[in-house]
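# Summary of the model geometry
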Amino acid sequence: MAAEMPTPAGATPGAEVWEGVVIITGVMWTAYNMAPNLILPTIIVFIGAFSLQSTWPKCSVDQTLGWNLRPGAGSGLVTGSILIPLVLVANNLHGNAKEYGVSGMFCAYSLCMSHAAVCLVWLSKSDLHPDRPSVRTMGTIATTISVFLILLLQDLPLGIGNFAIGIVGVVFCLCVLHGLLTSLPSSLSLGEAMIASEGVALLMIDSCQNVFYKNRSLEYELLQSVALGLAIIGVASGLMFVTNDKTGKQSTASWKDSLRFYILVLSVVVFICVPHLWWLLGRIPILWLMGFILACDSSISLIGYWSLMTLVAIATVARQNRTNPAGAGSTVVRKYFHLIAIAVFLPGLMRNPQLLYIGSVAALGAFVLLEYVRMYRIQPSGESFHTSLRVFVDEKDSGVAILTHIYLLLGCSLPLWLYPSAYTIGTELAMYSGVISLGVGDTAASVIGSKLGRHRWPGTKKTVEGTLAAVAAQLAACGTLSLLGIQPGFTANLIPIVTAVCLTSLLEAFTSQVDNIVTPLYMYALFSSGLSS
């Protein structure tokens with residue numbers, strides 16, 4: 001949000017301390033409504049992560065575990081270990097949140113995963129005994145300690161089923177974490193990889209349960225099928241193509257390899273995703289989708305409007321490539337897409353959230369598939385995609401993967417995906433967390449901060465003026481939404497709204513993690529907990 005001034009990239013210890021302070025403040029704010037049995041495990045995870053983060057320069061997880069972390073970023077241990085549990089705890093305050101499997105047990109699983117990742121990093125510290133155990137041994141120790149400790153602290157039955165799910169979930173989470181940081185060199189910080197791996201692991205647990213119980217909303221089942229297909233294609237593609245881990249360069253795939261990739265995608269869609277979705281829906285997926293679209297008067301107009309916005313986005317990319325073909329675009333230029341995100345998500349949230357949910361899941365599938373095509377230079381469009389996206393990257397896209405556009409989509413979509421599907425339970429403002437924090441606050445801060453920014457926050461490149469602009473713009477957006485009937489009673493909810501906006505803006509100012517993911521989730525948690533009553 002707060003606009004950057006021209007200083008070297010990289011996180012400083014002072015900034016990470018303030019980042020931890022903002023995170024624990026959010027935990028304390030949420031703890032007011034938090035179940036007592038979740039407070040102590042959360043504090044334990046925070047203390048472990050914060051102590052490791054403060055000594056991060058002394059750690060050598062990249063050498064010990066073979067991880068290749070994103071350069072210029074801090075560890076993000078506090079944010080990565082606390083953010084997902086914080087969101088689940090806040091979401092669990094909704095009475096009907098169990099539809100998404102976000103029960104007290106899922107909060108416990110998330111804390112287990114966070115604690116296991118922190119333990120794994122601690123076991124790999126460079127100042128341990130030189131004869132370190134293997135990665136497999138360290139992972140086993142971290143998993144066992146974490147599951148026993150967290151589940152024993154819960155006011156929940158420690159049955160064999162819950163314990164087994166906890167073990168499997170933590171092992172899967174650590175495998176995904178290790179896979180992301182080794183297969184996508186220099187693309188993710190540890191905190192970002194922890195957020196991604198916990199999210200994938202929790203989705204896997206819930207998807208496995210849903211195969212038998214089938215008690216989730218239809219749009220959530222679509223998300224499960226798309227995520228399953230993308231994961232299979234990603235793993236198979238990683239085995240088919242080889243990337244230079246040191247340089248991040250990828251040669252153009254041959255037409256034979258490209259054909260194999262297209263056959264893989266078609267096979268996964270036809271033989272895995274469609275049957276899986278058919279089983280969950282209990283009907284033919286395409287007929288269900290057509291029936292849903294035709295059943296609502298606003299669907300056709302929204303789809304036409306979104307198609308127009310897609311053309312605008314493509315035209316913006318083409319124009320930027322013509323005017324600046326050799327270098328990266330400025331921060332202000334990249335914010336054009338934040339404005340497009342507002343134009344896309346705001347009408348959908350207000351008129352038809354369920355259709356927006358389905359559309360955003362479809363967009364995620366398209367974005368990730370196109371990234372596979374770009375990353376592996378699949379014929380005939382891989383190289384042109386790479387050239388087109390290069391002008392919009394920043395220092396956070398220094399690895400083999402270009403994820404800025406995917407982060408923006410996820411940042412706007414996750415609050416909607418996490419929100420209970422009733423969509424009208426009294427805290428509707430939480431659904432708008434991505435639009436408010438990214439579309440409004442981030443854009444305003446970049447423009448005002450780059451023009452008027454003079455004073456930096458300690459240890460960061462972000463400016464005080466940019467942060468103040470973000471706060472003012474987001475409060476104005478919340479007030480406008482209240483006047484439009486979204487979360488009525490702006491004055492009565494002024495304290496929780498101001499608290500959420502200010503803390504989110506401060507987190508963005510001090511964190512070195514990708515703000516397109518971190519700030520919407522953090523704001524969502526604060527809105528969900530502070531406005532739940």
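In the block above lies the structure referred to throughout.
Residues numbered from 1 in each chain as written. Predicted model: local features only at pLDDT ≥ 70, side-chain atom pairs only at ≥ 80, totals over all residues. Heavy atoms only, no water.

Further remarks concern the overall build of the chain. Assigned secondary structure in the chain consists of 21 helices and zero strands. In the chain, which comprises 533 residues, the proportion classed as buried is 55%. Summarising the internal contacts of the chain: among those between residues at least 6 apart in sequence, 79% fall at separations of at least 24. (Helix = DSSP H or I, 4+ residues; strand = E, 2+ residues; numbered from the N terminus. Buried < 20%, exposed > 50% of the residue type's maximum accessible area, 1.4 Å probe, protein only. Contact = heavy atoms within 4.5 Å.)

Now for the packing of aromatic side chains. A complete count under the given rule lists eight aromatic pairs for this structure. Centroid distance W288 to F292: 6.4 Å. Interplanar angle 25 degrees. Geometry classified as stacked. Of the two residues, W288 and F292 both sit in helix α11 (residues 285-295), four residues apart, roughly one turn of that helix. Judged on exposure class, the residue W288 and its partner F292 are both buried. Arranged with centres 6.2 Å apart and planes meeting at 40 degrees, the rings of Y357 and W417 form a pair that is tilted. Residue Y357 is found in helix α15 (residues 353-375), and its partner W417 is found in helix α17 (residues 404-418); the two are separated by 60 residues along the sequence. Residues Y357 and W417 agree in their burial class; the two are buried. Put simply, the rings of W18, W457 and F510 pair up and form one aromatic cluster. (Phe/Tyr/Trp six-rings, centres within 6.5 Å; stacked < 30°, edge-to-face > 60°.)

Tracing the backbone shows G66 in the loop between α3 (61-64) and α4 (77-91). Since its relative accessible area comes to 43%, G66 is described here as partly exposed. Placed 115 residues apart in sequence, G66 and L181 show a C-alpha to C-alpha distance of 8.2 Å.

Moving on, we get to a nonpolar patch on the surface. Taken together, the side chains of L228, L266, V269, V270, F271, I272, V274, W278, I284, I286, L287 and M290 define a hydrophobic patch exposed on the protein surface, amounting to about 1,100 Å² of accessible area. In terms of residues, the nonpolar patch owes the most to one element, helix α10 (residues 255-281), which gives seven residues. Within the secondary structure, L287 is located in helix α11. (Patch = residues over 30% accessible without salt bridge, like charges linked within 9 Å, V, L, I, M, F, W, Y side chains within 5 Å. Areas by Shrake-Rupley, 256 points an atom, 1.4 Å probe, with all protein chains shown as cover. Salt bridge = Lys/Arg side-chain N within 4 Å of Asp/Glu carboxyl O.)

As a further point, take helix α14 (residues 336-351). Here α14 is 16 residues long and its end C-alpha atoms lie 24 Å apart, about the 22 Å a rise of 1.5 Å per residue gives. Buried within α14 are the following residues: F337, H338, I340, A341, I342, V344, F345, G348 and L349. (Expected span 1.5 Å × (residues − 1).)

Before going further, it helps to examine the packing of α14 against helix α18 (residues 433-452). At their nearest, the axes of α14 and α18 sit 9 Å apart, and the two run at 145 degrees to each other. Here α14 runs over α18; the crossing is left-handed. When α14 is examined against α18, the residues H338, L339, I342, F345 and L349 are found in contact with a partner set consisting of V435, L438, G439, V440, D442 and T443. Of the residues assigned to the contact of α14 with α18, the class counts are seven nonpolar, three polar and one charged. (Axes fitted to C-alpha atoms, helices over the stretch in contact; angles between N-to-C directions. Left-handed = near helix turned anticlockwise from the far one by under 90°. Nonpolar A, V, L, I, M, F, W, Y, C, P; charged D, E, K, R; others polar.)

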